[in-house]
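# Reading the structure
Listed below, chain by chain, are the residues.
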Amino acid sequence: MSKAPKIDPQTIARILSEALPHMQRYDEEIVVVKYGGHAMGQEQMARDFARDIVLLEQTAINPVVVHGGGPQIEAMLKQLGIKSEFAAGLRITDAKTVEIVEMVLAGSINKQIVGYINAAGGKAIGLCGKDGDMVRARKMKRTVVDPGSNIERVVDLGFVGEPEKVDSTILSQLIGREMIPVLAPLATSATGGTFNVNADTFAGAIAGALKLIADGTISGGMIPKVETCIYALDQGVEGVVIVDGKVPHAVLLELLTDHGVGTLMHR
């Protein structure tokens with residue numbers, strides 16, 4: 001394995017100095033970082049992401065991490081022999097499936113990210129939208145048009161929800177106190193049940209409730225991401241950036257350098 005090229009101290013100092021105006025711009029700002037399931041496939045990349053999040057917190061930026069986990073959910077369902085049904089390209093989440101979704105998102109993935117951030121010197125707190133009744137969701141309805149008859153019909157996706165109300169009380173207790181919230185995209189129903197929420201949509205709802213900057217380190221499935229950007233901007237978010245989470249140090253490149261690596265949308 002070849003070693004990374006050595007950088008002389010003067011170059012390192014110049015790079016750090018050039019980051020100053022960016023640090024000043026985001027001083028004490030809240031930044032929601034949506035971390036996609038595909039981007040966390042390799043351990044070293046996940047650890048590098050965690051280190052970057054800690055660096056942001058150390059520069060007086062307040063990061064809030066929202067993570068996905070589609071590939072990991074798919075792998076666990078396959079391992080357990082649970083076959084999923086799909087409609088209009090979306091997974092139908094039945095009662096058995098939502099248990100696995102909750103286990104993977106709020107359990108293994110969430111705590112893995114929390115562990116990596118803590119190992120890098122941060123203080124991460126793993127939560128989901130059910131904690132503190134943070135995100136209340138309603139059942140998501142989708143319609144599809146039959147290509148043959150051109151008749152529109154409603155598709156029941158099961159325990160899939162869309163955010164209806166966000167209570168940021170629990171987040172406001174953590175933000176600005178050197179704590180880094182790590183949020184799994186699960187929400188509570190009106191009766192206390194569980195809804196699986198698209199992670200991009202979840203991140204947009206959190207960003208909209210906090211009126212902050214949203215930086216989406218994401219890959220694949222661009223339609224919900226763009227819809228989320230538009231929604232977040234409508235809710236008063238300052239700006240949204242879509243970047244590829246597989247690009248090393250994508251968040252740092254976007255926020256702390258002149259070389260933005262993503263697609264910026266702003267009001």
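Placed above this text is the structure.
So, a few notes on the structure that sits alongside this text. Every value quoted in this text rests on a predicted model; they were computed, and no experiment measured them.

Another point: the overall build of the chain. Scanning the chain from N- to C-terminus turns up nine helices and 13 strands. Looking at the chain as a whole, 45% of its 267 residues are labelled buried. Residue pairs at least 24 apart in sequence account for 73% of intrachain contacts in the chain once pairs closer than 6 positions are excluded. For the chain, the computed accessible surface area is about 14,100 Å², with 54% contributed by carbon and sulfur atoms.

This part covers the layout of surface pockets. In this model, the second largest pocket occupies a volume close to 650 Å³. Looking at the second largest pocket, it is lined by 18 residues, and the ones nearest its centre are I15, L16, L55, H249 and L252. No other element matches helix α1 (residues 9-18), which puts four residues into the lining of the second largest pocket.

In this structure, Y35, I53, L56 and I117 are the most contacted members of the largest nonpolar core, which totals 36 residues. The contact partners of I117, leaving out residues within four places of it in the chain, are A50, I53, V54, G122, A124, I180 and V182.

We now examine the packing of helix α3 (residues 43-58) against helix α5 (residues 95-119). Put simply, α3 and α5 touch, their axes get as near as 8 Å, and they point 60° apart. Judged by the angle between their axes, α3 and α5 are oblique. Once α3 is placed against α5, the crossing between them reads as right-handed. Here E43, A46, R47, A50, I53 and V54 of α3 lie close against α5, whose contacting residues are Y116, I117 and A119.

Considering the arrangement of structural elements, one finds T93 in the loop between β4 (90-92) and α5. Other than its neighbours up to four places away in sequence, T93 contacts V98, L157, G158, F159, V160 and N196.

Within the structure shown, the criterion is met by eight salt bridges. Notably, a salt bridge pairs R47 with E43, separated by 2.8 Å at the nearest N-O pair. One end of the pair, R47, and the other, E43, are both in helix α3, four residues apart, so they sit about a helical turn from each other. The salt bridge involving E164 is made with R138; its shortest N-O contact spans 3.8 Å. A residue pair is termed long-range when its members are at least 10 positions apart, and E164 in strand β7 (residues 152-166) and R138 in strand β6 (residues 135-145) qualify at 26 residues. Residue classification places R138 among the partly exposed positions, given a relative accessible area of 36%.

Rules behind the numbers
- Sequence order as written defines the numbering, with residues in each chain counted from 1.
- Local features in this predicted model are restricted to residues of pLDDT 70 or higher, and side-chain atom pairs are both shown and tallied only at a pLDDT of 80 or more, whereas totals for entire chains, interfaces and linings draw on every residue.
- Only hydrogens and water are removed before side-chain values are computed, so all heavy atoms of the structure are retained for them.
- The helix and strand labels rest on DSSP assignments: H or I over at least four residues marks a helix, E over at least two residues marks a strand, and numbering proceeds from the N terminus.
- The cut-offs for exposure are 20% and 50% of the maximum accessible area for each residue type, with area from a 1.4 Å probe on protein chains only; residues under the lower value are buried, those over the upper are exposed, and the others partly exposed.
- Any two residues having at least one pair of non-hydrogen atoms within 4.5 Å are treated as being in contact.
- The accessible surface values rely on the Shrake-Rupley method and a 1.4 Å probe; as for residues, cover is taken only from the protein chains in view.
- Only protein atoms enter the 1 Å grid, on which a cavity is a set of points fitting a 1.4 Å probe that cannot get out and a pocket is an open set with protein on both sides within 12 Å along at least 5 of 7 lines, lining residues being those with an atom within 4 Å of a point.
- Grid points are joined across faces, edges and corners, and a volume is the space filled by probe spheres set on the points.
- Here, nonpolar core means buried Ala, Val, Leu, Ile, Met, Phe, Trp, Tyr and Cys residues that are tied together by side-chain atoms lying within 4.5 Å of each other.
- Structural elements are reduced to axes, namely lines fitted to C-alpha atoms, with helices fitted over the stretch in contact, and the angle between N-to-C directions of any two is expressed from 0 to 180 degrees.
- An angle below 35 degrees is treated as roughly parallel, one above 145 as roughly antiparallel, one from 65 to 115 as roughly perpendicular, and anything else as oblique.
- Each crossing gets its hand from how the near helix is turned against the far one by less than a right angle, where anticlockwise is left-handed and clockwise is right-handed.
- Criterion for a salt bridge: a side-chain nitrogen of Lys or Arg within 4 Å of a carboxyl oxygen of Asp or Glu.

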